[in-house]
Amino acid sequence: MNENVQGRELASRRTFLKSSAAVVAAGAATATLPLAAAVYAAGSDVLRIGLIGCGGRGTGAAGQALHADKNVKLVAMADAFADRLQKSLTTIQADPELASKIDVPEERRFVGFNAYKELLACGVDVVLLCTPPHFRPAHLKAAVDAGKHVFAEKPVAVDAPGVHSVLATCAEAERKNLSVVSGLCLRFHHGFQESIKRIHDGALGEIVGLQSNDLRGPIWMFPRQKTWSDMEWQMRNWYYFTWLCGDFNVEQHVHNLDMIAWIMKGEYPVRASGIGGRQVRTGPEYGNIYDHHCVTYEYASGVKCFSACRQQPGCAHDISNYVLGSQGTAVLSEKRIAISGPSGWRYQGPKDDIFQTEHNELFASIRSGKPINNGEYMAKSTLMAILGRMATYTGQVITWDQAFNSKEDLTPSKYEWGPLPTPPVAVPGVTRFT
């Protein structure tokens, strides 16, 4: 690449990083509002929880939130669909340890596209945002505007305008002394924390290369019912529509990409290129997402991360990150966490339930009056995943700055139960970057 062009790209990226950091710093500097949770510091007052998004992940998050603190109650639930809300409530109520912590009468069961607004107005203190990712920026902004502490599932957006919104909202949350804890749960894994600390302390020497894999089998799909409108079909099968989930590289692989960002001490790539497509999930029932992506992320130093994700049956599984250093290598996976080389080491400590730990830390931060704000990395790691999707969809080299400044907005023209054409499947070399 021409050195002058490369220099301009790097300067532009540094300007972005400095400006985003300044936004957060400015928010902290102007923190004048009282801590909303100060009255809960002694742990004797009930924290009222509201769940927005009652699918499988939302149901799990509600249970973990209720286990995280001895004096909490689930008091409100919201979802687009009444049947999903009821199924979630029944599942949570079936846990005998939680029965006394559930108080969700009919009047606090909210259904529809505006259900989140009704929930936020009913007196909750903490909200769990577990809807399809498309809705995260709007729901997060509404929650912080209402003065609520937040657990926000990953990813936090499906396009660049959503990322901008989340960055601004999290700066406001910091100003208001509100906790925003991310569902990027790998950061709460004790073994990963210890291994990455060792990497940061020089156990591998200089990092010269990275590999990030999320190779797995297929997931659920709900056959379309005759009574479902286009919108209902897409909402019930949200994973298969880019506007709702961001595609697999964003919705799921963001976990491993965020770990790469963590390993790289918060540095993000300057550009990405890649390939992807639909080999197995080719029918219309699978919406418009791909079933595989292979992306090369390049950093300012020239270090590259080779990233691959796949959802296809009958294939080998590998959900791992690999780090190549000048003095050793590391593997970080659920099955093995180890460093090879002069500083050889293997994690043999206790295993923690990372989904539970993230909620434990959220509620502890509220009780202590020391809010946690994961806003910057959850937004930027989401953008890293979106950058990869842009590269695979277009077949072009896309820079970080292009991705951050993209005007592509995947929001539908309106939210209503009616017609909604399925967006076309992206074709590399034909689909344009916007």
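Residues numbered from 1 in each chain as written. Predicted model: local features only at pLDDT ≥ 70, side-chain atom pairs only at ≥ 80, totals over all residues. Heavy atoms only, no water.

Novice: Looking at this model, I keep getting lost on helix 11 (residues 254-263). Mind explaining?
Specialist: Because the α-helix completes a turn every 3.6 residues, residues three or four places apart line up on one side. Where burial is concerned, most of helix 11 is hidden: ten out of the ten residues are buried. By the burial criterion, the buried members of helix 11 are Val 254, His 255, Asn 256, Leu 257, Asp 258, Met 259, Ile 260, Ala 261, Trp 262 and Ile 263. After helix 11 finishes, the residue Lys 265 shows a positive phi value of roughly 55 degrees. (Buried < 20%, exposed > 50% of the residue type's maximum accessible area, 1.4 Å probe, protein only. Helix = DSSP H or I, 4+ residues; strand = E, 2+ residues; numbered from the N terminus.)

Novice: What's the story with the nonpolar core in this structure? I'm lost.
Specialist: Inside soluble globular proteins, nonpolar side chains tend to come together where they are buried. In this structure, Leu 210, Ile 263 and Met 378 are the most contacted members of the largest nonpolar core, which totals 74 residues. Sorting elements by how many residues they give to this core places helix 13 (residues 375-394) first, with ten residues. Beyond its immediate stretch of four places on either side in the chain, Met 378 contacts Leu 140, Ala 152, Val 156, Val 166, Cys 170, Val 180, Ser 182 and Leu 184. (Core = buried A, V, L, I, M, F, W, Y, C linked by side-chain atoms within 4.5 Å. Contact = heavy atoms within 4.5 Å.)

Novice: What should I look at first to understand the sheet that holds strand 5 (residues 149-152) in this one?
Specialist: The pairing of strands in a sheet happens through backbone hydrogen bonds and is either parallel or antiparallel. The strand order 3-2-1-4-5-6 describes an open sheet built from six strands, whose pairing is parallel. Of all the strands in the sheet, the pair left with one neighbour each is strand 3 (109-111) and strand 6 (180-182). Ignoring strand direction, the axes of neighbouring strands in this sheet form an average angle of 20 degrees. For strand 2 (residues 72-79) and strand 3, the ladder comprises three bridges, and the chain directions are parallel. Bridged to Ala 78 within strand 3 is Phe 110. Docked against the sheet, helix 3 (residues 82-93) engages strand 1 (47-52), strand 2 and strand 3, running at close to 160 degrees with respect to strand 2. (Pairing = 2+ DSSP bridges. Axes fitted to C-alpha atoms, helices over the stretch in contact; angles between N-to-C directions.)

Novice: So what exactly am I meant to see when it comes to helix 6 (residues 160-175) here?
Specialist: Its 16 residues place the ends of helix 6 23 Å apart at the C-alpha level, agreeing with the 22 Å of an ideal helix rising 1.5 Å per residue. Directly beyond the C-terminal end of helix 6, a positive phi value near 60 degrees is found at Asn 177. (Expected span 1.5 Å × (residues − 1).)

Novice: When you look at the side chain of His 292 in this model, what are you seeing that I'm missing?
Specialist: Mapped onto the elements of the fold, His 292 is located in strand 9 (residues 292-298). Classification of His 292 by relative accessible area gives buried; the value is 17%. A distance of 3.1 Å separates a polar side-chain atom of His 292 from the backbone oxygen of Gly 277. A distance of 2.8 Å separates the side chain of His 292 from the side chain of Asp 291, its partner in a polar contact. (Polar contact = N/O pair within 3.5 Å; in protein donor to acceptor, adjacent residues only side chain to side chain.)

Novice: Can you walk me through the side chain of Ser 333 in this structure?
Specialist: For Ser 333, the position within the fold is in strand 12 (residues 328-333). If near-sequence neighbours (up to four positions away) are discounted, Ser 333 is found in contact with Phe 192, Ile 319 and Ser 320.

Novice: What is the right way to read the pattern of salt bridges from this model?
Specialist: Two side chains bearing opposite charge may form a pair once their charged atoms approach each other closely. In total, this model carries 19 salt bridges according to the counting rule given. One salt bridge connects Glu 153 with Arg 57, and the closest N-O pair in it is separated by 2.9 Å. Note that Glu 153 is positioned in the loop between strand 5 and helix 6 and Arg 57 in helix 2 (residues 56-68), a separation of 96 residues in sequence. Accessibility expressed as a relative area gives 27% for Arg 57, which makes it partly exposed. Here Lys 197 and Asp 201 are joined by a salt bridge, their closest N and O atoms 3.0 Å apart. For Asp 201, a relative accessible area of 60% gives the class exposed. It is possible to trace a salt-bridge network through shared partners that takes in Asp 83, Glu 232 and Arg 236. (Salt bridge = Lys/Arg side-chain N within 4 Å of Asp/Glu carboxyl O.)

Novice: So what exactly am I meant to see when it comes to the state of the cysteines here?
Specialist: Simply put, the disulfide is a covalent bond whose two ends are the sulfur atoms of two cysteines. Under the criterion given, the structure shown has zero disulfides. Counting only cysteine sulfurs, Cys 130 is the nearest neighbor of Cys 54, a cysteine outside any disulfide, at a range of 8.6 Å. Judged by its relative accessible area of 2%, Cys 54 is buried. (Disulfide = S-S within 2.5 Å.)

Novice: Help me understand the packing of helix 2 against helix 12 (residues 354-368), please; the structure alone is not making it clear to me.
Specialist: The description of two helices packed together rests on the angle between their axes and the distance between the axes. Helix 12 packs onto helix 2 with a crossing angle of 50 degrees between their chain directions and a minimal axis gap of 8 Å. As the angle between them shows, helix 2 and helix 12 are arranged oblique. Like other packed secondary-structure pairs, helix 2 and helix 12 cross with a definite hand, here right-handed. On helix 12, the residues touching Arg 57, Ala 61, Gln 64, Ala 65, His 67 and Ala 68 of helix 2 are Phe 355, Gln 356, Glu 358, His 359, Asn 360 and Phe 363. For the contact of helix 2 with helix 12, the residue count by class is five nonpolar, five polar and two charged. (Parallel < 35°, antiparallel > 145°, perpendicular 65-115°, else oblique. Left-handed = near helix turned anticlockwise from the far one by under 90°. Nonpolar A, V, L, I, M, F, W, Y, C, P; charged D, E, K, R; others polar.)

Novice: Looking at this model, I keep getting lost on the pairing of strand 12. Mind explaining?
Specialist: Within a regular strand, the side chains alternate between the two sheet faces. For strand 12, the buried fraction is high: five of the six residues fall into the buried class. Of the pairings in the sheet, the one linking strand 11 (residues 318-325) to strand 12 comprises six bridges and is antiparallel in character. Opposite Ser 320, over in strand 12, you have Ser 333 as the bridge partner. Linkage of strand 11 to strand 12, two consecutive antiparallel strands, is achieved through a turn of two residues. Bridge count between strand 12 and strand 13 (residues 337-340): four bridges; the pairing is antiparallel. The partner of Ala 330 across the bridge, within strand 13, is Ile 339.

Function cannot be read off these values alone, since they describe shape.
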